Amino acid sequence: MQKWLGVLVGVFLVAQSAAPQAADVLQALRERARREGGVVLLTSVPQLGEPLKVRFEEGNPGVPVRLVLDPNAPGRVTAEAIAGRRSYDVLLWSLPGLSVVRGRGLLRPFVAREDLAPYGIPVGVLTLDGYGLRLLSGVYAVAYRPGRVRPEELPRTWEELLQERWRNRLVGDAIAVGNWIAALGVLRGEEWATQYARRLRDGGLAVVPQPATVEQLVLRGDRDLWVGAFAHQVEQRKQAGVTLEWVPVGPVTYASQFAVAILSGAPHPEAARLFALWYMTREGRAALEREGFWDVAPGSGSFIRKRYDQRGIRIVLEDERRALRRVELFERIRRIVLGEER
Amino acid sequence: MQPRVYAREELAPGLAGPARAEGFAEALGRRAFESLVVLVAAWLLLVPLLTLVLSSLRVGSNVLPFERSARWGLENYWELLGGGPGYGRMLGNTLVYVAGTTAVALLVGGSAAWLVERSNVPGRRLFYALLVAPLMVPPVVQSISWILLFAPGTGLVNVLFRKLGFSGGVLNAFSLPGMVMAQGLGLVPLTFILISGALRGLDVRLEEAAWVSGATVPGALRRIVWPLLRPAIGAAGILSALIALESFEIPLLLGAPAGVRVYSSTLYFAVHSISALPEYGKVAALAVPGLALGFVALAGLRRWMGAGERYTTIGGKGFQGGGVALGSVGQGLGVAYLGTLSALLAIGPVVLLGIMSGFPEAFSSGFERLGGWNPGAWGQVLREETTWKALANSAVASGLGATLAMGLGVAVAWLDVRRGGRVWSGMDYLLLSSVTLPSVVLGLAAMLLYLWVGRGLYGTVWMLGLVYAARTGVVSRSARAAVMQVSRELEEAAWVCGASGAAVLRRVLFPVILPGILGGWLLHFVAHYRESTLALLLYQPESVVAGVRIWQLYDAGRMGEASALGLLVVLILVAAVYTAGRWGGSGWMGRTHRER
């Protein structure tokens, strides 16, 4: 007993001494980042880029984020790199997206001893063999407008969406729908996914280009269910005052991963490190949650996770292997839902 | 007796060719000028076109077309040809969509132009302004307002229709007919401007001569007005068709929910990937047939129009405008027609922007409740430094683009109409063909060009201006229409008085064509001030423009701010157009002849 007490006291003292040290190291990094004049963030995902910029600037005064949102971020960063131009510091994207850029040698690896340990960041946040840091997970759900659909009517399983009662009532954006069905395909097989995509398409699933359009169609009652939505995405919209709600659907669902990576040859390397690492700190995580980006990892205890747990729905977290499989399926699924392939 | 339009050569054959000898210095200057025109056109247009064709022949997975790992091949075309039922249906939809859109744009725009320019309908100046105003509204807002009116279940017009006891609806926004109507009406400002400009330049004495000779009003329209308007109507038609082929807002917002795929939405989805590099090769292979179609259409147009001087209506022997006096019933119907168009195209979208920017509850409740006025979005937009930077950058980039494009358009039109020859005829094709270049391909070409050749310009607002200048399709038609309506005798008179070539341009040609080219300049400026597709591919944080910022806010779900900025853009453009109209002083906008 005394031995364990001694260990606990030791851990407490180490933690006490490490905490201010990590804060000091972070502050020193912040100073260096300030001297560089800010960080340039490139992303294809405006729903992430804008709020992350705002929260980072709040938490790190004097380190402005210059945001570049481009649907063709990979083409841009690759073309510029081939021409020997380095304009961006941090790339924020999905795991498979980052994987492509990493394959071209355009990312700088994180070294746990230098990049994480001094800041008290656990090694578990590393992904892509150390080239990226896990930022957040998006778990698939179905969104709807309260009042338009009765609670008892809501689907409980993915198969229920194929029922005749949902004919011409579903809508999703092209990329999200492709990703969602491909993600389910990772869990349940390619054959299941392609059949599922065909049946949804034949059942009148509407596929539009942007989430904002999906949202309007659901809000105005032209469509009733928003498929391919992330639970946190709906929570964010609720925070913005939009009348939407979401329901967990199972029996198993999938959580896509988004990560940050530092581009090799980043013109502002210290500011880039600060941006990537700050979101891994407790302060950064809290900022993410304030923005509606709740963690869904096991044991996270977030209310989104709890809603899935209460319904007994298993969440499968994406890793790099699954991410690459999802991408393999994505293009085919998207062709099917867009009507380019039978 | 049928009135006949005489070709100038038939009346005065001796005046058709160059009337005077040229000095050595002037010949040198002319050569230098012509070389400059060729060089600028090649830089702005040939390089993107070449990039397009070469990219379509480069094959490889997850590689950019210029990378060494890409190889030469025809696979992109084979895939297109063997695309299966999806492509066949897409081509059929595209054909119906483009043809229908063009017909709607010409019929509605042409009839509105005739009412405003050639009739005595009251309030013509106001209607002119209202019918030009939609050019300043971002296309995405026009699409949303169309959805609010004509969505099958909840569209205001359809709901009203059912409340009146009818079943179904007037029009389903999410259908091919809905797309045709939305895009066709969206192009009305363009056809309206092009046709009204030509109508304004039409000498009323030609019609009067026909009436005196016993022709009826429809007869005079068919035999006098129609032949003289053919260049403008042809240009408006071909531009409408090509713009409908390339623009993707309506196909995405109205077509995609109904599963109606057309050419532009296929291109859009081909370049938006989650993990891989965009399939530029396939996009280019899809774009090349569109480009070829553009060339064929232009060749047909030129053949149909025949020789340019047949359409000269502004000569050196006086000019008189005028029109048809409608009765009270005709005037009433005219006002109702123009009023409905104005409400649908101009007033509705602007009101919608106002509601979305100031009444957040209206939007978040799906327009079921208006809620209270909340200036939060406006405050946020006005506080953000990015807003002002974006608005200023847009002005610089679109101003530079419009000036370069119009300069090139006038130079090529003048050289082609006055000198003729294959080189200038080919240049004219080149300028118009830019309409068919998909923005994503033009953006990629520009990215490659300025990354390797003009690195100092890469990512700057100046580069955006140069890329915008490559969109010469509309301005080239404006410039050509303006130049074609000016008789050679005006220049000849100046030469006889001893003016140099430069002086003729500056003191004779330029003042006469100013209203026409100012209209074209403004069309280009306005279209690019709110442009986002090209800018999204090419901007850097310091060169963010208004269209990009609106897209960022819209996509991030900040609808109130996006609408506030959209409305700010509309207000700026209205002010710019009004100021330009005052400065131009020639009544190019909102002034009919009898009001001048």
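Residues numbered from 1 in each chain as written. Chains lettered and ligands numbered in written order. Predicted model: local features only at pLDDT ≥ 70, side-chain atom pairs only at ≥ 80, totals over all residues.

**Considerations on the overall build of chain B**
Counting its secondary structure elements, chain B contains 27 helices and 2 strands. Per-residue burial for chain B yields a buried fraction of 53% across its 596 residues. Across chain B, contacts joining residues at least 24 apart in sequence account for 76% of those joining residues at least 6 apart. (Helix = DSSP H or I, 4+ residues; strand = E, 2+ residues; numbered from the N terminus. Buried ≥ 20, exposed ≤ 12 C-beta atoms within 10 Å, placed from the backbone. Contact = placed C-beta atoms within 7 Å.)

**Focus: the overall build of chain A**
Scanning chain A for helices and strands turns up 13 helices and 12 strands. Its C-alpha atoms give chain A principal-axis dimensions of roughly 65 × 60 × 35 Å. Counting all 342 residues of chain A, 55% fall into the buried class.

**Considering the interface of chain B and chain A**
Counting residues at the interface gives 44 residues for chain B, matched by 52 residues for chain A. When residues of the side of chain B that touches chain A are traced back to their parent elements, those giving at least two are α4 (85-118), α12 (249-255), α13 (263-271), α16 (360-364), α20 (439-452), α25 (533-538) and α26 (546-555) of chain B. With 4 residues, α20 of chain B is the single largest residue contributor to the side of chain B that touches chain A. When grouped by side-chain class, the residues that make up the side of chain B that touches chain A number 27 nonpolar, 14 polar and 3 charged. (Nonpolar A, V, L, I, M, F, W, Y, C, P; charged D, E, K, R; others polar.)

**Concerning the pairing of strand β9 (residues 225-230) of chain A**
Residues and elements named next belong to chain A. Of all 6 residues making up β9, 6 are buried, and the element is well covered by its neighbours. Sheet topology places strand β6 (residues 132-144) next to β9; 5 bridges connect them, and they run antiparallel. In the strand pairing of β9, V142 is matched with V227. Across 2 bridges, the pairing between strand β7 (residues 170-173) and β9 is parallel. (Pairing = 2+ DSSP bridges.)

**A closer look at the nonpolar core**
Ranked by internal contacts, the top residues of the largest apolar core, which has 309 residues, are V90, L91 and A141 of chain A. Setting aside anything within four residues of it in sequence, one finds L91 of chain A in contact with L42, V77, L98, V101, A261 and L263 of chain A. (Core = buried A, V, L, I, M, F, W, Y, C linked by C-beta atoms within 7 Å.)

**Focus on the packing of helix α6 (residues 139-150) of chain B against helix α15 (residues 328-358) of chain B**
Residues and elements named next belong to chain B. Running from amino to carboxyl end, α6 crosses α15 at an angle of 95°, the nearest separation of the two axes being 9 Å. When the interaxial angle is binned, α6 and α15 end up roughly perpendicular. Between α6, through V141, Q142, I144, S145 and L148, and α15, the contact on the second element is made entirely by G348, P349, L352 and L353. Its residues assigned to classes, the contact of α6 with α15 comprises 6 nonpolar, 3 polar and no charged. (Axes fitted to C-alpha atoms, helices over the stretch in contact; angles between N-to-C directions. Parallel < 35°, antiparallel > 145°, perpendicular 65-115°, else oblique.)

**With respect to unusual backbone geometry**
All names here are of chain A. The omega torsion of the bond from G250 to P251 falls at 10°, within 30 degrees of zero and hence cis. Backbone geometry places L128, a non-glycine residue, at a positive phi of 50°. Unusually for a residue other than glycine, D129 sits at a positive phi of about 55°. Tracing the backbone through its elements, the reader meets D129 in the loop between β5 (126-127) and β6. According to the C-beta neighbour criterion, D129 is exposed, with 11 such atoms within 10 Å.

**Here we look at helix α9 (residues 188-200) of chain B**
With 13 residues, α9 of chain B ought to run about 18 Å at 1.5 Å a step, and its terminal C-alpha atoms sit 17 Å apart, in line with that. In terms of residue burial, α9 of chain B counts as a mostly covered element, since 13 of its 13 residues are buried. (Expected span 1.5 Å × (residues − 1).)

**Examining the environment of S99 of chain A**
Residue and element names in this part refer to chain A. Along the chain, S99 falls in helix α4 (residues 95-103). When the 23 C-beta atoms within 10 Å are taken as the criterion, S99 is described as buried. As for S99 and L29, which are separated by 70 residues in sequence, their C-alpha atoms are 27 Å apart. Residues contacting S99, with those up to four places away along its chain left out, are L128, E320, A323 and L324.

**Section: helix α2 (residues 24-56) of chain B**
For α2 of chain B, with 33 residues, the first-to-last C-alpha span of 46 Å sits near the 48 Å given by 1.5 Å per residue. Among all positions of α2 of chain B, only V37, A41, L44, L45, P48, L49, T51, L52, S55 and S56 of chain B are buried.

**Comments concerning the packing of helix α6 (residues 174-188) of chain A against helix α13 (residues 320-337) of chain A**
Working note: a packed helix pair is described by the angle between its axes plus the distance between those axes. All names here are of chain A. Look at α6 against α13: their axes get within 7 Å of each other, and the N-to-C directions meet at 125°. Judged by the inter-axis angle, α6 sits oblique to α13. The handedness of the crossing between α6 and α13 comes out as right-handed. Of the residues in α13, those in contact with A174, V177, G178, N179, I181, A182, A183, G185 and V186 of α6 are R322, R325, R326, L329, F330, I333, R334 and V337. (Left-handed = near helix turned anticlockwise from the far one by under 90°.)

**A closer look at the confidence of the model for chain A**
Chain-level statistics for chain A give a pLDDT mean of 87 and a share of 93% at 70 or above. Least confident of the elements in chain A is helix α1 (residues 2-36) of chain A, whose mean pLDDT is 71; most confident is strand β10 (residues 245-247) of chain A, at 95. (pLDDT = per-residue confidence, 0-100.)

**Looking at the confidence of the model for chain B**
Residues and elements named next belong to chain B. The pLDDT averaged across chain B works out to 79; a share of 87% of its residues lies at or above 70. Here helix α1 (residues 8-11) stands out as the element of chain B with the lowest mean pLDDT, 45, in contrast to helix α21 (residues 461-469), whose mean of 93 is the highest. Segment residues 1-19 is flagged for pLDDT under 50; beyond a separation of four residues in sequence, or across chains, it makes 26 contacts in the model. Confidence over residues 585-596 falls short of pLDDT 50; this stretch has 27 contacts with residues more than four positions distant or in other chains. Scoring the predicted complex yields pTM 0.77 and, for the interface, ipTM 0.74.

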